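Breakdown of the fold
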Amino acid sequence: SETITIGELAKRMGIKATDLIKAMMKMGSMVTINHVLDHDAAVLLASDYGYEVENVAVDLDEILEFTPDAPELLQERPPVVTIMGHVDHGKTSLLDAIREANVISGEAGGITQHIGAYDVELHGRKITFLDTPGHEAFTAMRARGAKVTDIVILVVAADDGVMPQTREAINHSKAAGVPIIVAINKIDKPDARPEKVKQELTEHGIVSSEWGGDVTMVEVSAKKRLNLEELLEMILLQADLMDLKANPDKAAKGTIVEGKLDKGRGPVATVLVQEGTLRTGDYCVVGVHSGRVRAMQNDRGERVLAAGPAMPVEVVGLPGVPDAGDIFVAMKDEKQAKEIATLRQIKQRELELAKHAKMSLEQLYEKI
Ligand code: GTP
Ligand code: MG
């Protein structure tokens, strides 16, 4: 791997070698001008000179940003949908029902895996569903979810109506500018009052298109599998209005939907690809880690070699478990991936040092 002497590093940074030697002394190592630093140590040392690191950091953030493409490079992509709603209103049941109804009979056992995101197909078109966790504790993840989400399916139980988390979902969707389709669920129940639900939603600015508003509402039953295809049709119709596109012909960028440590496979992460195409063998940066995509599989447990825009895949090969919401960037070059991960570690270390510095100052004041 690459090495550099203190003297050479100082020269490249445009500072005196003695300053670097002093900096090393402060960190507890006594060195001479000919001391050899490995790559990471050099980057670390350079980072103590804020100016140098900030410059690199700017490039770093650019690499992590989603980049606009020329219109002729864009291709239609599937919509990404998040199901939201109050506890027990049937979010999980609805997603399960949609998936089960969608498993083509005879297809490789039709075994579905929990990877936190799924894709279903209707008339040869795909829809990607994000599976959001159910309770208030996951509000943050939902808020993040809304960023990668094109359309929110708001599930409201017909026998219960608008509840606190229904309102919360409406607020999140509005804040993120994401259109809502309402699924009025449990219409099989004798005490179902779909008209009352529509009335209550009106009070929150969600007006059914039947009543002259602009929100599509579908009455469904996850339990009795009623009107599920109609709901999917409405999602595709909404997607058509939004003209969702992405460039599949570049290195992939996406968002981590879920990360976990698997006993046999090590760190495993579900990535929702948002632009470009992710391929087995690609190097990548996620959070402060770099790694290589060793293998990918879809929500049916099938091996995939490539994943294009809006496709969720489970990735094996990361050195650590990433957080939901982390940005995933694929790279062809291993060195670049490692460098960026190192720089991100430094950035994180700086933030932590800054925190500690503040703390010790406060402690100092306490003593005075
Ligand atoms: P949380 O994840 O806890 O927020 O709940 P959820 O919104 O995912 O609801 P879930 O799918 O777990 O359903 C809650 C209960 O409602 C379960 O007992 C379901 O069987 C029942 N349920 C869901 N959909 C229907 C439906 O269409 N009709 C009837 N009768 N019951 C339903
Ligand atoms: Mg649930």
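Residues numbered from 1 in each chain as written. Chains lettered and ligands numbered in written order. Predicted model: local features only at pLDDT ≥ 70, side-chain atom pairs only at ≥ 80, totals over all residues. Heavy atoms only, no water.

Focus: the site of ligand 1
- Residues in close proximity to ligand 1 total 17 residues, the closest being Lys-91, Thr-92, Ser-93, Asp-188 and Ala-222.
- In the model, a nitrogen atom of ligand 1 is placed 2.7 Å from a nitrogen or oxygen of the Asp-188 side chain.
- Within the complex, the protein chains bury 73% of what would otherwise be the 650 Å² of accessible surface of ligand 1.
- The element that contributes the greatest number of residues to the shell around ligand 1 is helix α5 (residues 91–102), accounting for three residues.
- Of the residues contributing to the shell around ligand 1, the split by class is two nonpolar, nine polar and six charged. (Near = heavy atom within 4 Å. Polar contact = N/O pair within 3.5 Å; in protein donor to acceptor, adjacent residues only side chain to side chain. Areas by Shrake-Rupley, 256 points an atom, 1.4 Å probe, with all protein chains shown as cover. Helix = DSSP H or I, 4+ residues; strand = E, 2+ residues; numbered from the N terminus. Nonpolar A, V, L, I, M, F, W, Y, C, P; charged D, E, K, R; others polar.)

So, the packing of helix α1 (residues 6–13) against helix α2 (residues 17–26)
- Contact geometry of α1 with α2 gives a least axis separation of 8 Å together with a crossing angle of 120°. The angle between the axes of α1 and α2 places the two elements in the oblique class. In the crossing of α1 with α2, the sense of the turn from one axis to the other is right-handed. Residue-level inspection shows Ile-6, Gly-7, Leu-9, Ala-10 and Met-13 of α1 in contact with α2, the latter providing Ala-17, Leu-20, Ile-21 and Met-24.
- Here the residues of the contact of α1 with α2 are counted per class, giving eight nonpolar, one polar and no charged. (Axes fitted to C-alpha atoms, helices over the stretch in contact; angles between N-to-C directions. Parallel < 35°, antiparallel > 145°, perpendicular 65-115°, else oblique. Left-handed = near helix turned anticlockwise from the far one by under 90°. Contact = heavy atoms within 4.5 Å.)

A word on the nonpolar core
- Ranked by size, the top nonpolar core spans 24 residues in total, and within it Leu-94, Ile-127, Phe-129, Ile-153, Leu-231, Leu-232 and Ile-235 carry the most contacts.
- Sorting the residues of this core by element identifies β4 (80–85), α5, β5 (117–122), β6 (125–130), β7 (151–157), β8 (180–185) and α9 (228–242) as the ones contributing at least two each.
- The element contributing the most residues to this core is α9, with five residues.
- With 18 residues, the next largest nonpolar core counts Met-84, Val-156, Val-178 and Ile-184 among its residues. (Core = buried A, V, L, I, M, F, W, Y, C linked by side-chain atoms within 4.5 Å. Buried < 20%, exposed > 50% of the residue type's maximum accessible area, 1.4 Å probe, protein only.)

Here we look at the environment of Ile-151
- Note that Ile-151 resides in strand β7.
- Each C-alpha atom of the pair Ile-151 and Glu-8 lies 54 Å from the other, and the pair is 143 residues apart in sequence.
- Sequence-distant contacts of Ile-151, defined by excluding residues within four places in its chain, comprise Pro-79, Val-80, Val-81, Thr-82, Val-178, Pro-179, Ile-181, Ile-235, Gln-238, Ala-239 and Met-242.

Thoughts on the pairing of strand β15 (residues 289–292)
- As paired elements, strand β14 (residues 283–286) and β15 share four bridges and run antiparallel to each other. Across the sheet, Val-285 pairs through a bridge with Ser-290, a residue of β15.
- Hairpin remark: β14 followed by β15, antiparallel, with two residues in the connecting loop; positive phi at Gly-287, about 60°. (Pairing = 2+ DSSP bridges.)

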